[in-house]
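Reading the structure
Single-letter residue listing:
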Protein chains: 2
Amino acid sequence: MNAQDPSQQPRSQQSSSPQTALAEIGEFGLIAMMRDTLGDPTDDALVSGIADDAAVYRVDDERVHVLTTDTLIEGVHFDRAFMPLEHLGFKALSVNVSDVVAMNATPRYATVSIGIPQNVSVEMVTTIYEGLKQACDAYDMTIVGGDTNAAHGLSLSVSVVGAAAEAAVVYRSGAQVGDKICVTGDIGSSYAGLKVLLRNRKRLQEQEEDFEPNLDPFSYVIRRHLAPPAQLKRTREWADAGARPHALIDISDGLSAEVHHICEASGVGAQLYEPALPIDPETRNTATEFGEDVTVYALFGGEDYELVFTMPEDALDALDPQTYSVVGEVTERDETDEEVMIQRAHGENVPLQPGGFDHFDDTSSPGMP
Amino acid sequence: MNAQDPSQQPRSQQSSSPQTALAEIGEFGLIAMMRDTLGDPTDDALVSGIADDAAVYRVDDERVHVLTTDTLIEGVHFDRAFMPLEHLGFKALSVNVSDVVAMNATPRYATVSIGIPQNVSVEMVTTIYEGLKQACDAYDMTIVGGDTNAAHGLSLSVSVVGAAAEAAVVYRSGAQVGDKICVTGDIGSSYAGLKVLLRNRKRLQEQEEDFEPNLDPFSYVIRRHLAPPAQLKRTREWADAGARPHALIDISDGLSAEVHHICEASGVGAQLYEPALPIDPETRNTATEFGEDVTVYALFGGEDYELVFTMPEDALDALDPQTYSVVGEVTERDETDEEVMIQRAHGENVPLQPGGFDHFDDTSSPGMP
C-alpha cells in the first residue's frame, strides 16, 4: 500500500493544482491518460488490453476469453420517459454483447451492477431483469453475478466474458490496403428513432394528458434505438462459412468514428462512398420529416450496433450478400493525407472527420464538411 | 427478440400495477427476485453462479476462472469530502479483489467503468487511476478495459476475473460441524474510522475555515476505512502451507452477516464468543470515545474486508497463529433453533441476528439482542 497516509489528507485535496475540464481533452484524451497512468501491462497471458472493443487473454494454448464492460446511465444514455424498462435490460446486455461479437467471440457470462434510485420499485427492477433474461436467451448466455446498490439515478453496469479460438479473434488493427469496407444491416436508424422519441417526449410535455401520438410510421427506427440486437447471428454465419474479416468493430459511436478507429489502429486510410451507405426507407423518411440530411444520421448517429468489417473482395463471396453492404475500401495512408475520404452523392470527394458524439462535450454534434 | 414492440409502449409503463418499495424486501429479497427472474443456469461449464462472492466457471479440465463485480457510488458508499481520490481508486479495486480472494482464487484482470460528474476534473480522474494502479501493483493484476461516462455523481464500477485450480476453490457452503470459525486480522476498525470521519466532516462544516482536527489518534482506523487491503497475502500463505479452509467469505457486511451467510449456505449453525473477537485497541478507544459498544462495531460494522473461514482444529496447525483468531465453532443446525448464537462477555448465550447495514433500509442500524 503506497498511498499516502489517509489520516494526513489535506482538506481540499486538489485545490492547489490546475484543474482541466474533461471536455477539454474529450473521451479519447481521457482514455489515453488512463492508459498512461496504468502503464504497459506485463501479463504474459494478456493478448490485448485497453485497445479494442474487448480485452483478450489466453485461457489455454488455443483458446482465449474476451472481457468488456459498458454502463447505461439514466439521463445520459436513456430517458425513463420513453425507455421501457424491459428494453433497458435488453439493451444493457446487448451493447456489451456487441463488443464481444466485435472481437468475433461468443458471449458466455455476464455480471450486472444495478444502481437503483428511490423512485424505482421492486416491480420495475423485475421488469429490467425480464429484459436481461430475454437478452440472455437471445444470445445463449448466462448472468452469473452482480451487485445491487441504492443510487441517485438508475444505472446498469454490465460486464461480459466471451470465448473464442485465439486464431479466430479479429481486431480493429487488421485492415489491409485493398480490403473492402463493409457494414451489416442498415445504419442511422437508431439516431432517427431517438429523434422521434425526443420530439414525442417534448410534445407529451407540452400537450394535454389525452394526447396520443401516432408512432406507427416510426416503429422500426424506434425499436432500433430502444432494443438494438447485437449481431451475433452474423458472426456465427461467418464462422459456418469459414469466413474471417481482417478487421472488425461494432458501431456505437457512428460509422465515421468506427472507420477512423480501424484506420488509426491499422495504419491505413479509407475511401467511403455516400451513395453506398445502407439506409432504411423509414430512416430516410424520418430525416426528411425533420428536414435533416440522412447521411449525417448514418455517419454520425451511432448506437446502431451493426458491424463494420474489412475483407478482400474475393473473400466476400463466402458471405450471404443480403447481410452486408460494401461502403468503401481500405487505402494507403500517407501521413500528410486525410485519413478517411468520402465521395459525396454529387460526386465531390471530401475528407471525413470522426464526428459522432463525445459524451463530455455537449457542443459537439453531427456535422459534415 | 421477444420484447413487446417498443413503438407500442404505454406512456406510464408501470402505473397500473402495485408498486413495492425496495426497502420492503431488502437487498437479499431483491437478489432472490433477480435469481427467480433469470431462472436456473444451464451452462455446462458454470460451476457456481449467483450464490457466492464470485461466479465460478471452468476454462479447462482443471482450472476455473471466477468473476465478480462491485460498484462504489458517491453519496452511498463514499463521501468525496473525506475520501481521497487515490484511496477511492485503491478501494474500488480492493473490494472486488476481496471477493476473488474469498473464493481462494488469484485476481488477474479488471475492467473499470467510471461515471464522472461535471465537477470532477481530468486531474482528479488521474488521481483515481493512480490509486487503481497502486492496487494493480499490490495485487499483481492488470486493468484491461473500461468505460467512461458523464454522470450525475462519481461512481466506479469494477469487475475482476480471477483464476484458480478447480479443486482449490472454497465456497461459503463448505462449513462442517465441528470446524473452528476463524477471522483474519481485526474487525470493526473500518466502521470506527467511518465514525471519526463523519464526526470530523460535521465539525469542519460547523467550524471556522482554520479548524484543523487532530486525526493522529485515529490514523489506523481511518486508513482501514479509506484504503482497506484485500487479504490476498493470507490466501497465498495458505496455499504455500497446503492449507485449504472448508468455507470462506470476506467481510463486507459485518462478521455477523457473513457467519449467517456461511450457515445458510452450509446448512449448519454457529456458536460465537464475544471475548474472542479480534479488536484493535484503536478501534476500542474510538468506540469508548463515542460512548458505544465496540462489539457492535465488530459484529455489524462491515467493510473490514478481512476473511472469515472455517477449518477443523488440527488443520489450523499449518497456519501462522499470528494471522487469525478463532472466534467460534460450527454447530449442528436444528430447524427450530436459532442459527447463530453468541456467548456474551458476561456469560449469557444469546441468538445473533445478521444485522449489518441494508443499503435500501436507512432505518436499519447496528443492534444487539
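Keep in mind it's a predicted model, so treat the numbers as computed, not measured.

The next subject is the overall build of chain A. Of regular secondary structure, chain A possesses nine helices and 13 strands. Computed over C-alpha atoms, the radius of gyration of chain A comes to 22 Å, within 12% of the 21 Å expected from 2.2 N^0.38 for 369 residues, which places it in the range of a compact globule. With respect to the three principal axes, the spread of C-alpha positions in chain A is 60 × 60 × 45 Å. Across the 369 residues of chain A, 54% fall into the buried class.

This next bit is on the interface of chain B and chain A. Tallying the contact residues gives 92 residues for chain B and 92 residues for chain A. The residue makeup of the side of chain B that touches chain A, split by class, is 45 nonpolar, 34 polar and 13 charged.

What follows deals with the domain arrangement of chain A. Residue and element names in this part refer to chain A. Looking at the assigned domains, one finds that chain A contains domain 1 (22–168) and domain 2 (172–351). For domain 1 versus domain 2, the distance between C-alpha centres works out to 21 Å. Counting residues at the interface gives 21 residues for domain 1 and 19 residues for domain 2. Partitioning the side of domain 1 that touches domain 2 into residue classes produces 12 nonpolar, four polar and five charged.

Before going further, it helps to spend a moment on the relation of the copies chain B and chain A. The two copies are related by a screw operation: chain B maps onto chain A through 180° of rotation and 0.0 Å of translation along the axis, at an RMSD of 0.0 Å. Both copies are brought into coincidence by an operation consistent with a two-fold rotation axis. The residues that chain B uses at the interface reappear at the interface of chain A in 100% of cases, marking a shared surface.

Residues and elements named next belong to chain B. An order of S1-S2-S3-S6-S4-S5 is seen for the six strands of this open sheet, with the pairing classed as mixed. For this open sheet the edge positions go to strand S1 (46–48) and strand S5 (142–150), each flanked by a neighbour on one side alone. Sheet twist, expressed as the average angle between the axes of neighbouring strands with direction ignored, equals 20°. Direction of pairing for strand S4 (residues 106–116) relative to S5: parallel, over a ladder of eight bridges. Residue Val 112 lies in a different strand from S5, and its bridge partner there is Gly 146.

So, about the sheet that holds strand S7 (residues 180–184) of chain A. Residue and element names in this part refer to chain A. Across the sheet, which stays open at both edges, the seven strands sit in the order S8-S10-S7-S11-S9-S12-S13 with mixed pairing between neighbours. This sheet does not close on itself; its edge strands, each paired only once, are strand S8 (247–250) and strand S13 (349–351). Ignoring strand direction, the axes of neighbouring strands in this sheet form an average angle of 25°. Taken together, the four bridges between S7 and strand S10 (residues 307–311) define a ladder with antiparallel strand orientation. Across the sheet, the residue bridging to Val 183 is Val 308, located in S10.

Our next topic: helix H2 (residues 85–101) of chain A. It helps to recall that an α-helix has 3.6 residues per turn; residues three or four apart then point in one direction. Counted at 1.5 Å a residue, the expected span for H2 of chain A with its 17 residues is 24 Å, and the 24 Å between its end C-alpha atoms agrees. Of all 17 residues that make up H2 of chain A, 17 are buried, and the element is covered over most of its length.

Burial of nonpolar side chains together is a common tendency in soluble globular proteins. Counting residues in hydrophobic clusters, the biggest one holds 206 residues, and the most contacted among them are Val 66, Met 103 and Val 308 of chain A together with Val 66, Met 103 and Val 308 of chain B. Non-local contacts of Met 103 of chain A, meaning those with residues more than four positions away in its chain, are made with Asp 52, Asp 53, Ala 54, Val 56, Val 66, Gly 162, Ala 164, Val 169 and Val 170 of chain A.

Turning next to the environment of Val 326 of chain B. Residue and element names in this part refer to chain B. Note on placement: Val 326 falls in strand S11 (residues 324–331). Using a count of 16 C-beta atoms within 10 Å as the deciding quantity, one classes Val 326 as partly exposed. Between the alpha carbons of Val 326 and Lys 233 there is a distance of 19 Å; along the sequence they are 93 residues apart. Residues within four places of Val 326 in sequence aside, it is in contact with Lys 180, Cys 182 and Ala 276.

With that settled, the discussion passes to unusual backbone geometry. Residue and element names in this part refer to chain A. For Asn 104, which is not a glycine, the phi torsion comes out positive at approximately 65°. As for its position among the elements, Asn 104 is in the loop between H2 and strand S4 (106–116). Exposure remark for Asn 104: the 22 C-beta atoms within 10 Å place this residue in the buried category. At Tyr 305, a residue that is not glycine, the phi angle is positive and equals roughly 55°.

Let us now look at the packing of helix H4 (residues 189–206) of chain B against helix H8 (residues 281–289) of chain B. Residue and element names in this part refer to chain B. Running from amino to carboxyl end, H4 crosses H8 at an angle of 45°, the nearest separation of the two axes being 9 Å. In terms of orientation, H4 and H8 fall into the oblique class. Every pair of crossing elements has a handedness; the one defined by H4 and H8 is left-handed. Residues Ser 189, Ala 192, Lys 195 and Val 196 of H4 lie in contact with H8, whose contacting residues are Thr 283, Thr 286 and Ala 287. Looking at side-chain class alone, the contact of H4 with H8 contains three nonpolar, three polar and one charged residues.

All names here are of chain B. Where H4 contacts helix H5 (residues 219–226), the axes come no closer than 7 Å and their chain directions differ by 100°. As the angle between them shows, H4 and H5 are arranged roughly perpendicular. Residues Ser 189, Ser 190, Ala 192, Gly 193, Leu 194, Val 196 and Leu 197 of H4 form the contact with H5, whose participating residues are Tyr 220, Val 221, Ile 222, Arg 224, His 225 and Leu 226.

Turning our eyes to something else, we now look at the pairing of strand S7 (residues 180–184) of chain B. Residue and element names in this part refer to chain B. For S7, the buried fraction is high: five of the five residues fall into the buried class. With five bridges connecting them, S7 and S11 associate as antiparallel partners. Paired with Cys 182 across the strands is Val 326, a residue of S11.

Residue and element names in this part refer to chain B. With respect to the helices and strands, the residue Arg 80 is situated in the loop between strand S3 (63–73) and helix H2 (85–101). Here the alpha-carbon distance between Arg 80 and Val 125, two residues 45 residues apart in the chain, equals 13 Å. Each residue touching Arg 80, except ones within four places of it in the same chain, is listed here: Glu 74 and Leu 154.

Now for the confidence of the model for chain A. Residue and element names in this part refer to chain A. Counting all residues, the mean pLDDT for chain A is 90, and 91% of those residues have values of 70 or more. Below pLDDT 50 for its whole length, residues 1–15 participates in 31 contacts with residues either more than four positions away or in separate chains. Overall, residues 356–369 carries pLDDT values under 50, and its contacts beyond four positions in sequence, including any with other chains, amount to 33 contacts. Reported confidence for the predicted complex is 0.90 by ipTM and 0.92 by pTM.

What counts, and where the lines are drawn
Residues numbered from 1 in each chain as written. Chains lettered and ligands numbered in written order. Predicted model: local features only at pLDDT ≥ 70, side-chain atom pairs only at ≥ 80, totals over all residues. Helix = DSSP H or I, 4+ residues; strand = E, 2+ residues; numbered from the N terminus. Rg over C-alpha atoms; globule rule 2.2 N^0.38 Å. Buried ≥ 20, exposed ≤ 12 C-beta atoms within 10 Å, placed from the backbone. Contact = placed C-beta atoms within 7 Å. Nonpolar A, V, L, I, M, F, W, Y, C, P; charged D, E, K, R; others polar. Domains from an automatic or database assignment. Least-squares fit on C-alpha atoms with pLDDT ≥ 70 in both. Pairing = 2+ DSSP bridges. Axes fitted to C-alpha atoms, helices over the stretch in contact; angles between N-to-C directions. Expected span 1.5 Å × (residues − 1). Core = buried A, V, L, I, M, F, W, Y, C linked by C-beta atoms within 7 Å. Parallel < 35°, antiparallel > 145°, perpendicular 65-115°, else oblique. Left-handed = near helix turned anticlockwise from the far one by under 90°. pLDDT = per-residue confidence, 0-100.

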